[in-house]
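# Summary of the model geometry
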Amino acid sequence: MNKVQSWNIITLFCVLIFGFAIATLISPDTEYSETENRTLAQMPEATLSSLTDGSFESDYEDYLTDQFVLRDEWIALKTNVERLMGRTSSNDIFFADDDYLIEAHTDTFTSDQAETNIQILAQFVEKYVGTFGTDHMTVMIVPNAVDILHDKLPAFASPYDEGEYLEQIEAALMSVARSAYSDSLLRGIWFDARSVLQEHSEEEIYYRTDHHWTTLGAFYVYQAWAEEQGYTVPTADSYLVETVTEEFEGTIQSKLGIHTVTDSIELYLDPSDPYYTVEKDGSGEISYSLYDYTALETKSKYDIFFGGNNALTQITTHAGTGRKILVVKDSYAHCFVPFLLSEFDEIDVLDIRYYNQEISKLIEEEGYTDLLFLYNASGFAEDTSLAKLLY
């Protein structure tokens with residue numbers, strides 16, 4: 001290679017590196033990625049404290065990663081190259097059988113946050129089990145697809161066994177029982193959703209392109225939970241199953257920047273069309289459906305359930321049971337809550353990630369008869385807002 005060729009390569013390298021860096025800096029920042037269904041990092045403020053404690057550098061790195069020019073195109077190129085090279089995973093996502101894209105959740109369940117959240121939940125249960133009683137308080141942590149659909153993973157894939165983490169949560173609850181009650185008293189609080197889903201692992205109980213379980217998966221778990229609670233146990237024939245879209249591309253596919261397959265979203269509708277009202281975040285605006293059909297016109301089609309995440313959604317029904325439930329949840333609960341309409345006069349759905357008032361005050365003032373804590377396993381392990389449960 002002569003000197004001219006060497007300088008040409010150096011010049012091209014500099015143009016690519018500095019050109020993209022300059023383009024990133026001068027391009028308008030994007031606040032929200034519809035492709036990934038999340039808010040993107042913005043330029044952090046440089047303060048004396050952020051510069052000295054290193055947080056500015058960390059936040060600035062996140063900013064550059066999120067705002068890099070042609071970011072989506074580069075992600076797609078990276079994924080396609082890796083697939084052509086025969087890689088079985090990319091960006092901590094497995095290319096699994098039957099066109100499933102399954103998140104590995106590497107390091108999620110062994111982090112300090114994951115351990116802290118177990119202790120917070122145990123304290124929360126200890127604080128309120130006397131209020132609700134063991135037969136009216138349920139903790140339901142739903143395993144992710146990487147656990148239940150393990151047989152679909154590529155050969156030699158060895159993700160963390162979520163069952164171990166779920167056993168740690170159950171053991172923490174049993175520790176509460178041994179310190180204040182009998183073992184049997186709290187045993188009914190823990191609901192084993194994992195065993196239910198394992199029985200149906202050959203069915204479409206998770207989306208192929210998204211991190212959520214499907215309405216079918218939620219239905220099977222609701223059936224088992226309703227039987228345990230002594231409620232009316234529905235059959236599939238109890239509902240009108242409506243496929244509202246067959247063009248859903250979820251968040252996992254978006255992380256890879258590619259198009260593989262599309263998913264269907266189903267609603268399980270009560271053919272008797274029960275009357276209920278819905279109010280979100282104390283706005284005073286009343287609606288008459290849990291479903292936002294306008295979401296089907298967007299990338300975030302899963303937002304048909306509840307219109308997405310809200311701090312507090314309050315549902316009033318004509319069930320006439322005298323029961324009122326508080327559902328503390330992440331978005332896995334969105335396709336589960338509609339099954340509760342016939343069993344509770346009032347259903348309050350609380351997302352503590354967005355709720356900034358005292359939860360103890362809410363529980364005291366609203367006079368709930370039942371409480372359901374419903375999260376997916378990785379969402380629970382990663383949630384940094386769970387400490388709000390204790391206030």
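Located above this text is the structure these notes cover.
A quick note: this is a predicted structure, and the numbers were derived from the prediction, not measured. (Residues numbered from 1 in each chain as written. Predicted model: local features only at pLDDT ≥ 70, side-chain atom pairs only at ≥ 80, totals over all residues. Heavy atoms only, no water.)

### Quick notes on the sheet that holds strand β6 (residues 137-142)
- Pairing in this open sheet of seven strands is mixed, and the strands run β6-β14-β12-β13-β11-β9-β10 from one edge to the other. Every interior strand has two partners, whereas the edge strands, β6 and β10 (286-287), have only one.
- As judged from the two bridges shared by strand β9 (residues 276-280) and β10, these two strands associate in the antiparallel manner. When the bridges of β10 are listed, Val278 appears paired with Ser287.
- Sitting on the sheet, helix α10 (residues 215-229) is in contact with β6, β12 (324-329) and β14 (370-376), with an inclination near 160° to β6. (Pairing = 2+ DSSP bridges. Helix = DSSP H or I, 4+ residues; strand = E, 2+ residues; numbered from the N terminus. Contact = heavy atoms within 4.5 Å. Axes fitted to C-alpha atoms, helices over the stretch in contact; angles between N-to-C directions.)

### A look at the nonpolar core
- Ranked by internal contacts, the top residues of the largest apolar core, which has 62 residues, are Met140, Tyr206, Trp213, Trp225, Ile315, Phe336 and Ile347.
- For Tyr206, the contacting residues outside a window of four places in its chain are Tyr100, Val142, Pro143, Asn144, Ala145, Ile148, Leu149, Leu197, His212, Trp213, Thr214 and Tyr332.
- With 42 residues, the next largest nonpolar core counts Leu121, Tyr128, Ile189 and Tyr368 among its residues. (Core = buried A, V, L, I, M, F, W, Y, C linked by side-chain atoms within 4.5 Å. Buried < 20%, exposed > 50% of the residue type's maximum accessible area, 1.4 Å probe, protein only.)

### Points about the pattern of salt bridges
- This model, assessed by the stated rule, comprises 10 salt bridges.
- The shortest N-O distance in the salt bridge between Lys152 and Asp98 comes to 2.6 Å. Highlighted residues: Lys152 in the loop between α6 (145-148) and α7 (162-180) and Asp98 in the loop between β4 (93-95) and β5 (101-103), separated in sequence by 54 residues.
- With a closest N to O distance of 3.3 Å, Glu346 and Lys324 form a salt bridge. With a gap of 22 residues between them, Glu346 in strand β13 (residues 346-350) and Lys324 in strand β12 connect regions that are remote in the sequence.
- On the accessibility criterion, Lys324 (10% relative accessible area) is buried.
- Salt bridges sharing common partners tie together Asp147, Asp161 and Arg194. (Salt bridge = Lys/Arg side-chain N within 4 Å of Asp/Glu carboxyl O.)

### Some remarks on α10
- Counted at 1.5 Å a residue, the expected span for α10 with its 15 residues is 21 Å, and the 20 Å between its end C-alpha atoms agrees.
- Among the 15 residues of α10, 12 are classified as buried, and the element is accordingly described as predominantly covered.
- Considered for burial, the residues of α10 that qualify are Thr215, Leu216, Gly217, Ala218, Phe219, Tyr220, Val221, Tyr222, Gln223, Trp225, Ala226 and Gln229.
- Those residues of α10 hidden inside the fold are in contact with β6, α9 (193-198), β8 (263-269), β12 and β14.
- Looking one or two residues past α10, Gly230 carries a phi angle of roughly 85°, positive in sign. (Expected span 1.5 Å × (residues − 1).)

### Some words on the sheet that holds strand β3 (residues 89-90)
- The three strands lie next to each other as β3-β4-β5, forming an open sheet whose pairing is antiparallel. The sheet is open, and its two edges are formed by β3 and β5, each paired on a single side.
- Two elements, β3 and β4, share two bridges in a ladder whose sense is antiparallel. Bridging from a neighbouring strand, Ser90 pairs with Ile93 of β4.

### Digging into a negative patch on the surface
- The grouping of Asp53, Glu57, Asp59, Glu61 and Asp62 at the surface amounts to a negative patch.
- Within the element layout of this structure, Glu57 appears in helix α3 (residues 55-67).
- Taking relative accessible area as the criterion, Glu57 reaches 43% and is therefore assigned partly exposed. (Patch = residues over 30% accessible without salt bridge, like charges linked within 9 Å, V, L, I, M, F, W, Y side chains within 5 Å. Areas by Shrake-Rupley, 256 points an atom, 1.4 Å probe, with all protein chains shown as cover. Lys, Arg positive; Asp, Glu negative; His and termini not counted. Charge placed at Lys NZ, Arg CZ, Asp CG, Glu CD.)

### Examining the environment of Ile252
- Structurally, Ile252 is set in helix α11 (residues 251-256).
- Note: C-alpha distance between Ile252 and Glu103 (149 residues apart in sequence) is 7.3 Å.
- Ignoring sequence-local partners within four residues, the contact set of Ile252 consists of Ile93, Leu101, Glu103, Thr209, Asp210 and His211.

### Observations regarding helix α5 (residues 112-132)
- Along its 21 residues, α5 runs 30 Å from first to last C-alpha, staying within 8% of the 30 Å computed at 1.5 Å per residue.
- Taking the largest bend as the criterion, α5 deviates by roughly 30°, centred on Glu126.
- The set of residues buried in α5 consists of Ala114, Asn117, Ile118, Ile120, Leu121, Ala122, Phe124, Val125, Tyr128, Val129 and Phe132.
- Directly after α5, the chain includes Gly133, whose backbone phi takes a positive value near 80°. (Bend = angle between axes of the 7 residues up to and from the residue.)

### As for the packing of aromatic side chains
- Taken as a whole and judged by the stated rule, the model has 27 aromatic pairs.
- When the ring of Phe109 is compared with that of Tyr165, the centres are 5.1 Å apart and the planes differ by 50°; the resulting orientation is tilted. Here Tyr165 lies in helix α7 and Phe109 lies in the loop between β5 and α5, a separation of 56 residues in the sequence. Per residue, the accessibility class of Phe109 equals that of Tyr165, and both read buried.
- Ring pairing ties together the aromatic residues Trp213, Phe219, Tyr220, Tyr222, Trp225, Tyr231, Tyr239, Tyr268, Tyr332, Phe336, Phe339 and Phe344, which thus form one cluster. (Phe/Tyr/Trp six-rings, centres within 6.5 Å; stacked < 30°, edge-to-face > 60°.)

### Regarding the environment of His212
- Mapped onto the elements, His212 comes out in the loop between α9 and α10.
- Residue His212 is classed as buried on the basis of its relative accessible area, which comes to 5%.
- Considered as a pair, His212 and Tyr332 are 120 residues apart in the sequence and their alpha carbons are 6.2 Å apart.
- Residue contacts for His212: discarding those within four places in its chain leaves Tyr206, Tyr207, Tyr302, Ser331 and Tyr332.
- A polar contact is formed between the side chain of His212 and the side chain of His211, at a distance of 3.4 Å.
- Engagement of the side chain of His212 in a polar contact is seen with the side chain of Ser331, the distance being 2.7 Å. (Polar contact = N/O pair within 3.5 Å; in protein donor to acceptor, adjacent residues only side chain to side chain.)

Such coordinate-based values are descriptive only and should not be taken to indicate function.
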